[in-house]
Amino acid sequence: MTQSFWLFGSRLDIIADHTTTEGKYDLIEGYFPPGSQTPLHRHTRYSEQLYVLEGEFTVWANENKAVLKAGETFLIPPGTAHAIGVLSDKPARGLMVASPSAFARLIAEVGTQEEDGIPDMELAERISAEIGDEILGSPDDLPSR
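Residues numbered from 1 in each chain as written. Predicted model: local features only at pLDDT ≥ 70, side-chain atom pairs only at ≥ 80, totals over all residues. Heavy atoms only, no water.

## Concerning the UniProt feature "domain: Cupin type-2" (unreviewed entry) in the protein chain
Then comes step 1: Look at the UniProt record and you will see "domain: Cupin type-2" (unreviewed entry) annotated at residues 32-97.
Then comes step 2: Annotated as residues 32-97, this span is 0% helix and 58% strand, and its ends, taken at the C-alpha atoms, are 16 Å apart. (UniProt positions renumbered as here; feature names shortened; annotations may be inferred. Helix = DSSP H or I, 4+ residues; strand = E, 2+ residues; numbered from the N terminus.)

## As for the sheet that holds strand E1 (residues 3-7)
Two orientations exist for strands paired in a sheet by backbone hydrogen bonds: parallel and antiparallel.
Then comes step 1: In space, the six strands of this open sheet follow the order E1-E2-E3-E10-E5-E8, with antiparallel pairing throughout. Both edges of this open sheet fall to E1 and strand E8 (73-76), since each of them pairs with a single strand only. Direction aside, neighbouring strands of the sheet carry axes that sit 25 degrees apart on average.
Then comes step 2: Direction of pairing for strand E2 (residues 10-16) relative to strand E3 (residues 26-32): antiparallel, over a ladder of five bridges. Residue pairing for E3: Ile-14 is matched across the bridge by Ile-28.
Then comes step 3: Most of the contacts of helix H2 (residues 103-110) go to E3, to which it runs at about 55 degrees, and overall it touches E1, E2, E3 and strand E10 (92-99). (Pairing = 2+ DSSP bridges. Axes fitted to C-alpha atoms, helices over the stretch in contact; angles between N-to-C directions. Contact = heavy atoms within 4.5 Å.)

## Focus: the packing of aromatic side chains
Then comes step 1: Applying the stated criterion across every chain yields a total of one aromatic pair.
Then comes step 2: Ring geometry for Phe-32 and Phe-57: centres 5.2 Å apart, planes at 85 degrees, overall edge-to-face. Of this pair, Phe-32 sits in strand E3 while Phe-57 sits in strand E6 (residues 56-61), and the two are 25 residues apart along the sequence.
Then comes step 3: A relative accessible area of 8% means that Phe-32 is categorised as buried.
Then comes step 4: Owing to a relative accessible area of 0%, Phe-57 belongs among the buried residues under this scheme. (Phe/Tyr/Trp six-rings, centres within 6.5 Å; stacked < 30°, edge-to-face > 60°. Buried < 20%, exposed > 50% of the residue type's maximum accessible area, 1.4 Å probe, protein only.)

## Overview of the nonpolar core
Then comes step 1: Phe-57, Val-59, Phe-103 and Ile-107 are the most contacted members of the largest nonpolar core, which totals 30 residues.
Then comes step 2: A total of five residues in this core trace back to one element, the largest contributor, which is H2.
Then comes step 3: Apart from residues no more than four positions distant in its own chain, Phe-103 is found in contact with Asp-26, Ile-28, Tyr-46, Met-96 and Ala-98. (Core = buried A, V, L, I, M, F, W, Y, C linked by side-chain atoms within 4.5 Å.)

## So, the pattern of salt bridges
Then comes step 1: For the structure shown, the criterion picks out nine salt bridges.
Then comes step 2: Across the salt bridge formed by Arg-11 and Asp-13, the nearest N and O atoms sit 3.5 Å from each other.
Then comes step 3: Residue classification places Arg-11 among the partly exposed residues on the basis of a relative accessible area of 28%.
Then comes step 4: For Asp-13, a relative accessible area of 10% translates into the label buried.
Then comes step 5: The salt bridge partner of Glu-134 is Arg-42, with a shortest N-O separation of 2.6 Å. (Salt bridge = Lys/Arg side-chain N within 4 Å of Asp/Glu carboxyl O.)

## Notes on the packing of H2 against helix H3 (residues 121-131)
Then comes step 1: Taken N-terminus to C-terminus, the directions of H2 and H3 make an angle of 165 degrees; their axes are 10 Å apart at the nearest point. As summarised for this structure, H2 and H3 are arranged roughly antiparallel, according to the angle between their axes. When the axes of H2 and H3 are compared, the crossing they make is right-handed. Contacts between H2 and H3 involve Arg-105, Leu-106, Glu-109 and Val-110 from the former and Leu-123, Ala-124, Ile-127, Ser-128, Glu-130 and Ile-131 from the latter.
Then comes step 2: Of the residues that constitute the contact of H2 with H3, the class distribution is six nonpolar, one polar and three charged. (Parallel < 35°, antiparallel > 145°, perpendicular 65-115°, else oblique. Left-handed = near helix turned anticlockwise from the far one by under 90°. Nonpolar A, V, L, I, M, F, W, Y, C, P; charged D, E, K, R; others polar.)

## Observations concerning the layout of surface pockets
Then comes step 1: The volume enclosed by the largest pocket comes to roughly 430 Å³.
Then comes step 2: Around the largest pocket sit 22 residues that line it, and Leu-7, Phe-8, Thr-38, Pro-39 and His-41 are the ones nearest its centre.
Then comes step 3: At the level of elements, E2, strand E4 (41-43), H2, H3 and strand E11 (133-135) are the ones that each hand at least two residues to the lining of the largest pocket.
Then comes step 4: Across the lining of the largest pocket, the residue classes tally to 12 nonpolar, seven polar and three charged. (1 Å grid on protein atoms, 1.4 Å probe; cavity = no way out; pocket = protein on both sides within 12 Å on 5 of 7 lines; lining within 4 Å. Points joined across faces, edges and corners; volume = space filled by probe spheres on them.)

Here you go:
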């Protein structure tokens, strides 16, 4: 059963997690409004694969920048500083696979049911540390060039 949460302005639907994949991966569908961007961060224990369903995502990964359109994909290996944003005036929708499973836990424990809900940042920091995520900056920061 799909679980839906709001986290940092984006709706994230957990389609599969450790309970259905034996911990091998998470499958998450995300809806990102125009102008949204993740904080600069890094996953130290899992990879993240982004597949664009609709719209356009910009991915900054270490020194690389990629603009992805529907049908395109981008792999973010563990240890890669990255941010993902929607710079256009239209929303974007994508699938994310985190392998092994970990990211869905952060979404489920920190996300809110309300679109304008404010996540508990102390809880976010604790869960991030437990799953090996590192927040490296604010949503305005990008990997150094």
